[in-house]
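Single-letter residue listing:
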Amino acid sequence: MGKPASEFQAVQIAVMTVSDRRDASNDTSGDYLREAATEAGHEVVDHAIVPDNLYRIRATVSRWIASDDVQVVIINGGTGFNLKNSTPEALLPLFDREIDGFGELFRMISYEEIGGSTLQSRAIAGLANGTLILAVPGSTSACRTAWERIIVEQLDARTAPCNFVSHLKKR
């Protein structure tokens, strides 16, 4: 792990909303994540709304992992305990390394907001081909919690003692 950078380094982000009901007119969570990333100084290079289908999710994320233009993928939706929710199952085979602490930390923070219901959150993260992949619940409040309490700092090279910027593929 290298020394944190003294300057901000923008990263290239793709945002995915996993939903069978959302479209461009009502994708409040995807809108929030794209706006928050842009306001933080990052570049949103792609976004998609994908049905909750394991193979459609995996295909889109695989394309982003293979792309030289995407360093971070943030996914909202499809992480619940409903049988239809398939985001974790779509992502796990793609990870070179799973980041166990992300889901644990998200659930710990989420417990402050929703209590024991956080048990049904299957928020996960991992690295694949130098691409950081983060999956959080689809509610806008959950996206806000994840962004403000975890993600924004982990995408800032100045965050000490460590962050994920040094692990990302180079542009």
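All of the points below concern the structure found in this document. (Residues numbered from 1 in each chain as written. Predicted model: local features only at pLDDT ≥ 70, side-chain atom pairs only at ≥ 80, totals over all residues. Heavy atoms only, no water.)

**Overview of the overall build of the protein**
Scanning the protein for helices and strands turns up five helices and six strands. Secondary structure of the protein in N-to-C order comes out as β-α-β-α-β-α-β-α-β-β-α. Buried positions account for 49% of the 171 residues belonging to the protein. Intrachain contacts of the protein at a sequence separation of at least 6 include 77% that bridge at least 24 residues. With an accessible surface of roughly 8600 Å², the protein has 50% of that area assigned to carbon and sulfur atoms. Looking at the protein, you have 17 positive and 22 negative side-chain charges, and the mean spots of the two groups are 3 Å apart. (Helix = DSSP H or I, 4+ residues; strand = E, 2+ residues; numbered from the N terminus. Buried < 20%, exposed > 50% of the residue type's maximum accessible area, 1.4 Å probe, protein only. Contact = heavy atoms within 4.5 Å. Areas by Shrake-Rupley, 256 points an atom, 1.4 Å probe, with all protein chains shown as cover. Lys, Arg positive; Asp, Glu negative; His and termini not counted. Charge placed at Lys NZ, Arg CZ, Asp CG, Glu CD.)

**Describing the layout of surface pockets**
For the largest pocket, the calculated volume is near 600 Å³. What lines the largest pocket is a set of 30 residues, and nearest its centre among them are Gly77, Gly78, Pro137, Gly138 and Ser139. Of all elements in the fold, only β1 (12–18), α4 (100–114) and α5 (140–154) reach the threshold of two or more residues within the lining of the largest pocket. Of all the elements, α4 adds the most residues to the lining of the largest pocket, at four residues. Residues that form the lining of the largest pocket fall into these classes: six nonpolar, 18 polar and six charged. (1 Å grid on protein atoms, 1.4 Å probe; cavity = no way out; pocket = protein on both sides within 12 Å on 5 of 7 lines; lining within 4 Å. Points joined across faces, edges and corners; volume = space filled by probe spheres on them. Nonpolar A, V, L, I, M, F, W, Y, C, P; charged D, E, K, R; others polar.)

**As for the pairing of strand β3 (residues 72–76)**
Among the five residues of β3, five are classified as buried, and the element is accordingly described as predominantly covered. Residues Val72, Ile74 and Asn76 of β3 are buried on one face, and the alternating residues Val73 and Ile75, pointing to the opposite face, are buried as well. In terms of strand pairing, β3 meets strand β6 (residues 131–136) through five bridges, oriented parallel. Paired with Asn76 across the two strands is Val136, which belongs to β6. (Pairing = 2+ DSSP bridges.)

**So, unusual backbone geometry**
For the bond from Ala160 to Pro161, the omega torsion is 10°, close enough to zero to count as cis. Within the element layout of this structure, Pro161 appears in the segment after α5. A positive phi is found at Asn129, a non-glycine position, where the angle reads about 55°. Secondary-structure assignment places Asn129 in the loop between β5 (124–128) and β6.

**Observations concerning the packing of helix α1 (residues 28–39) against α5**
The geometry of α1 relative to α5 is characterised by a closest axis approach of 8 Å and an angle of 20° between their N-to-C directions. One element, α1, and the other, α5, form an angle in the roughly parallel class. You can see that α1 and α5 cross each other, and the crossing is right-handed. For the pair α1 and α5, the contacting residues are Thr28, Ser29, Tyr32, Leu33, Ala36 and Ala37 in the first and Thr140, Cys143, Arg144, Trp147 and Glu148 in the second. Among the residues forming the contact of α1 with α5, the class breakdown is six nonpolar, three polar and two charged. (Axes fitted to C-alpha atoms, helices over the stretch in contact; angles between N-to-C directions. Parallel < 35°, antiparallel > 145°, perpendicular 65-115°, else oblique. Left-handed = near helix turned anticlockwise from the far one by under 90°.)

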